[in-house]
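Inside the fold
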Amino acid sequence: MAEPLLSVTGLTKVYRGTPSIVGRLMGRPTLEVKAVSDVSLSVERGEILGLIGESGCGKSTLGRTILRLHEPTRGGIRFDGIDVSSLPPHEMKAMRRRMQIIFQDPYASLNPRRTVADIVGLPLRLHGLARGKAETRDMVAAIIEKVGLKTAHLDRYPHQFSGGQRQRIGIARALVSRPEFIVCDEPVSALDVSIQAQIIELLSDLKRDMGLTYLFISHDISVIGYLSDRVAVMYLGEVVEIGPVQAILERPRHPYTQTLMSAVPKVEAQGGRHRVRLMGDLPSPLDPPSGCKFHTRCPLATDLCRSQSPTSQTLGIGHHASCHRLGEDLNLQEEVTA
Amino acid sequence: MSDAAVTRPTPSQSLLLRNLAVFAENRLAAGSAILVLIFVALALFAPLIAPQDPNATDLFRRLQPPAWQAGGDWAHVLGCDALGRDILSRIIYGSRVSMLVGATVVFIATSIGILAGLAAGYLGGWVDTIISRTVDILLGFPYLIFAIGLMAMMGAGLGNIILALVYKEWVIPCRVVRAETLATREQEYVEAARALGASNRHIMLREILPNILSPVIVVSTIRMANVIILEASLSFLGLGVQPPTASWGAMVADGRAFIMQAWWVSTFPGLAILLLVLALNVASQGLRDAFDPRFHE
């Protein structure tokens, strides 16, 4: 198999809070938040890797650290055979043409003082991809039509568009420089349900037409299930399970994935399906639990789980999970109802 | 404001035009802005408007009262000063000094403040530390005393007044810009620009600056009023523009000795200062309201 388009190894992002002068004098330790902790994954050319997890688990931070919008604390990022994590600024700039991001909030991600033509044309100007103003405008017009807007919209300002239209502008901006890899950071969560479907279809069509590769971040399992080829599940900054979409949706192995999947509403002929409810809140990332980070909420947790963190185990082709009790092949629903 | 809905512009117009339309609906602010513009016109066209030569002395007209008082005449509407110079003409010419100093100081100070504030707010780190500490130190000095000290060192004169005031004035727009930049740099469209490979310079000048200009414009108009008062104060103390050039502050000072016999010598230039400063303040308040969408109904 060819080298994956993107591979991330041991990626860690720690945020340090600087204590006040008084705090430093009193010897208070600096606050540390491990937003992303030792994450390794790869994305093959042309696939969609879904990234799922509850809010605050580090999904967005992982996406942004891969693009070096946040500098990684540790770990490697390889894109198309190039070590992106240590590129000097001018080489990183050239790299940015090839890896792009679509943001969650289409109201915050477009500069309110610039026209659509300015916003979408910016990547072309920054990377010198068009010769002269006329060509820039032609290329902008072409991509604007490709995302389903009209060239008449080019000289308008973002506030004159609806949420769905704004998201189309954001998509056009990400795609105008012909990138290969896109981080989709919850691109539909801020939209109305009726608009969500349109944008998902658009992203799916564009991927096919332009040969794109997506890292698709979402907390919506049905969106992930519809789009993804493979799915990674994150909990408190760690990838706890990763595998083909079929396996994750139908036969999840990690207890956290199992609780996530049991929360998806389904239309079923017969009853008997129990929703496994998680106890308590997501622990504070400032003070993560010892051992397996999920043990505070896991119905299957043992003393081993509380003291040692599990290592990743292979469960099938491309299917890995980190849990001490995988070997027992437990089904959480049966365990809890038993 | 009741008939405002009719004139409300369509959403296809730019944000700036919409803001200006809201500003125009505020009659007090719009009136003040017109008053400021009248002063600007006086300054620009002083030789055409002034009825007399502002520096022509006529000892027969020493302390001649305004036209409506006994002994006054309509050739010298606001009367004459101790050297028999026409007060109205001197006020009209004096507006040139106030306007020139006010506009120049605010323009230079705002330009410096914008660059320093953007750098401090966006780049952070040691750049922020150096700029912010310099600002703190300058803020520690009382403004007028600081300017008096500088004028004493550099000597009087128009250029030196501007320099002495700019030395400290840039601190105010700098703090405003820094605070606004800190808030704006976290916006997703700034992150989007970084993801696209934009340079720091591009992000500061093209992405952030256009979004923080409104408060900067509001602050500049308020500060222009303050700078005009400071110039008048320096001139009043004899550290400003040198005679015989007319300056409102110096005119107030000249009339001080005769305030009991000839109230008009000090009062009319004092009123000119009051009117211009008041108009600038009311206009800036209107601008602030117009630029802040929370004030739009």
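Residues numbered from 1 in each chain as written. Chains lettered and ligands numbered in written order. Predicted model: local features only at pLDDT ≥ 70, side-chain atom pairs only at ≥ 80, totals over all residues. Heavy atoms only, no water.

1. Focus on the overall build of chain A
Just so we agree on the cut-off: Per the convention used, a helix needs a DSSP run of H or I reaching at least four residues, while a strand needs a run of E reaching at least two, with both numbered from the N terminus. Relative accessibility under 20% of the residue-type maximum defines a buried residue, over 50% an exposed one, and the middle range a partly exposed one, all with a 1.4 Å probe and only protein chains included. When charges are counted, Lys and Arg contribute as positive and Asp and Glu as negative, whereas His and the chain ends are disregarded. Charged groups are reduced to one reference atom each: NZ for lysine, CZ for arginine, CG for aspartic acid, CD for glutamic acid.
Helix and strand counts for chain A stand at 12 helices and 12 strands. A burial count over chain A gives 52% of its 338 residues as buried. Side-chain charges in chain A split into 41 positive and 36 negative, and the spacing between the mean points of these groups amounts to 7 Å.

2. So, helix α6 (residues 163–175) of chain A
Residue and element names in this part refer to chain A. Put simply, the rule is: For a helix, the expected span equals 1.5 Å multiplied by the residue count minus one.
With 13 residues, α6 extends 18 Å from end C-alpha to end C-alpha; this agrees with the ideal 18 Å at 1.5 Å per step. Among the 13 residues in α6, 12 count as buried, and that is most of the element. Every buried residue of α6 is accounted for by Gly163, Gly164, Arg166, Gln167, Arg168, Ile169, Gly170, Ile171, Ala172, Arg173, Ala174 and Leu175.

3. Concerning the pairing of strand β9 (residues 230–235) of chain A
Residues and elements named next belong to chain A. Quick note on the threshold: Two strands are counted as paired when DSSP detects at least two bridges linking them.
Among the six residues that make up β9, six are buried, leaving the element largely enclosed by the rest of the structure. Of the two faces of β9, the one carrying Arg230, Ala232 and Met234 and the one carrying Val231, Val233 and Tyr235 are both buried. Both strand β3 (residues 48–52) and β9 contribute to a ladder of four bridges, which runs parallel. Note that in β9 the partner of Ile52 across the bridge is Val233. Relative to strand β10 (residues 238–244), β9 is paired through six bridges, and the arrangement is antiparallel. Opposite Val231, over in β10, you have Gly243 as the bridge partner. Connecting β9 to the antiparallel partner β10 that follows it, the hairpin turn spans two residues, and Leu236 within it adopts a positive phi of roughly 50°.

4. Description of unusual backbone geometry
Residue and element names in this part refer to chain A. Here the phi dihedral of Asp38 falls at roughly 50°; this positive angle occurs in a residue that is not glycine. Its place among the elements puts Asp38 in strand β2 (residues 31–43). Relative accessible area serves as the criterion here: at 56%, Asp38 is assigned to the exposed category. Even without being glycine, Leu236 reaches a positive phi, approximately 50°. Locating Leu236 in the fold gives a position in the loop between β9 and β10.

5. Remarks on the pattern of salt bridges
Should the charged atoms of two oppositely charged side chains come close, the side chains can pair. Residues and elements named next belong to chain A. The following threshold applies: Basic side-chain nitrogens of Lys or Arg form a salt bridge, by our definition, when they fall within 4 Å of a carboxyl oxygen of Asp or Glu.
Throughout the structure, instances matching the rule amount to 29 salt bridges over all chains. Arg78 is the salt-bridge partner of Glu3, the closest N and O atoms lying 3.5 Å from each other. Highlighted residues: Glu3 in the segment before β1 (6–17) and Arg78 in strand β4 (residues 74–79), separated in sequence by 75 residues. Where Arg45 meets Asp80, a salt bridge forms, and the shortest distance between an N and an O atom there is 3.2 Å. With Arg45 in the loop between β2 and β3 and Asp80 in the loop between β4 and β5 (82–83), the pair connects residues that are 35 residues apart, well separated along the chain. Sharing partners across several salt bridges, the network here consists of Arg45, Asp80, Arg98 and Glu180.

6. Section: the pairing of strand β11 (residues 312–316) of chain A
Residues and elements named next belong to chain A. In the sheet, β11 pairs with strand β12 (residues 319–322) via four bridges, with the strands oriented antiparallel. By the bridge assignment, Gly316 is partnered in β12 with His319. Counting the residues between successive antiparallel strands, the hairpin from β11 to β12 contains two residues, one of them, Gly318, with a positive phi of roughly 70°.

7. Here's the deal with the environment of Arg62 of chain B
Residues and elements named next belong to chain B. We apply this condition: Contacts are assigned to residue pairs with any non-hydrogen atoms lying within 4.5 Å of each other.
Take Arg62: it is sitting in the loop between α4 (46–49) and α5 (87–123). As for Arg62 and Gly125, which are separated by 63 residues in sequence, their C-alpha atoms are 63 Å apart. If we ignore the near neighbours within four places in the chain, the residues touching Arg62 are Asp81, Ala82, Gly84 and Phe258.

8. Let's talk about the interface of chain B and chain A
When the parts of a complex come together, some accessible area is lost, and that lost area is often used as the size of the interface. The line we're drawing: The term buried area means the drop in 1.4 Å probe accessible area that two parts suffer when joined, counted for both and summed. Between N or O atoms, a polar contact is any pair within 3.5 Å; within protein, one atom must be a potential hydrogen donor and the other a potential acceptor, and residues adjacent in sequence are included only when both atoms are from side chains. Residues are grouped as follows: Ala, Val, Leu, Ile, Met, Phe, Trp, Tyr, Cys and Pro are nonpolar; Asp, Glu, Lys and Arg are charged; every other residue, Gly included, is polar.
With 22 residues of chain B at the contact, the number on the chain A side is 26 residues. The contact between chain B and chain A buries some 2,200 Å² in all, and 53% of this surface belongs to carbon and sulfur atoms. Contact with chain A buries area across many residues of chain B, yet Glu188, Ala195 and Leu196 of chain B alone supply 31% of it, more than any other trio. Taken together, the links from chain B to chain A amount to three salt bridges. The residue Arg114 of chain A makes a salt bridge to Glu207 of chain B at a minimum N-O spacing of 3.2 Å. The interface formed by chain B and chain A includes 10 residue pairs in polar contact (both at pLDDT 80 or more). Elements with a minimum of two residues in the side of chain B that touches chain A: α2 (15–25), α10 (188–195) and α11 (200–236) of chain B. Considering only residue class, the side of chain B that touches chain A consists of eight nonpolar, eight polar and six charged.

9. Here we look at the sheet that holds β11 of chain A
Residues and elements named next belong to chain A. Condition: To get an axis, fit a line to the C-alpha atoms, keeping to the stretch in contact for a helix; angles then go from 0 to 180 degrees between the N-to-C directions.
Here eight strands make up an open sheet; going across it, the order is β6-β7-β8-β3-β9-β10-β12-β11 and the pairing mixed. Every interior strand has two partners, whereas the edge strands, β6 (99–102) and β11, have only one. Strand-to-strand twist across the sheet, computed as the mean angle between neighbouring axes with direction ignored, equals 20°. Where β3 lies against strand β8 (residues 213–218), five bridges are found, and the strand directions are parallel. Looking at the pairing, Ile48 lines up with Tyr214 of β8. Its contacts with the sheet place helix α2 (residues 59–66) against β3, β6, β7 (181–185), β8 and β9, and it is angled at close to 155° to β8.

10. Quick notes on a nonpolar patch on the surface
Residues and elements named next belong to chain B. Rules: Distance thresholds for patches are 9 Å for like charges and 5 Å for nonpolar side chains (Val, Leu, Ile, Met, Phe, Trp, Tyr), applied to residues having over 30% relative accessible area and no salt bridge. Residue-level accessible areas treat just the shown protein chains as cover; the underlying method is Shrake-Rupley with a 1.4 Å probe.
On the surface, Leu37, Val40, Leu44, Phe45, Leu48 and Ile49 cluster together into a nonpolar patch covering about 600 Å² of accessible area. Secondary-structure elements contributing two or more residues to the nonpolar patch are α3 (27–44) and α4. Counting residues per element, the nonpolar patch draws most heavily on α3, at three residues. Structurally, Val40 can be placed in helix α3. The class of Val40 is partly exposed, set by a relative accessible area of 30%.

11. Structural notes on the confidence of the model for chain B
Residue and element names in this part refer to chain B. Test applied: Confidence per residue, as judged by the predictor, is encoded in pLDDT with a range of 0 to 100.
When the pLDDT values of chain B are averaged, the result is 85; 93% of them are 70 or greater. Long-range and interchain partners of residues 1–12, a stretch whose pLDDT sits below 50, account for 13 contacts in this model, where long-range means more than four residues apart. Note on the complex model: pTM 0.81, ipTM 0.83.

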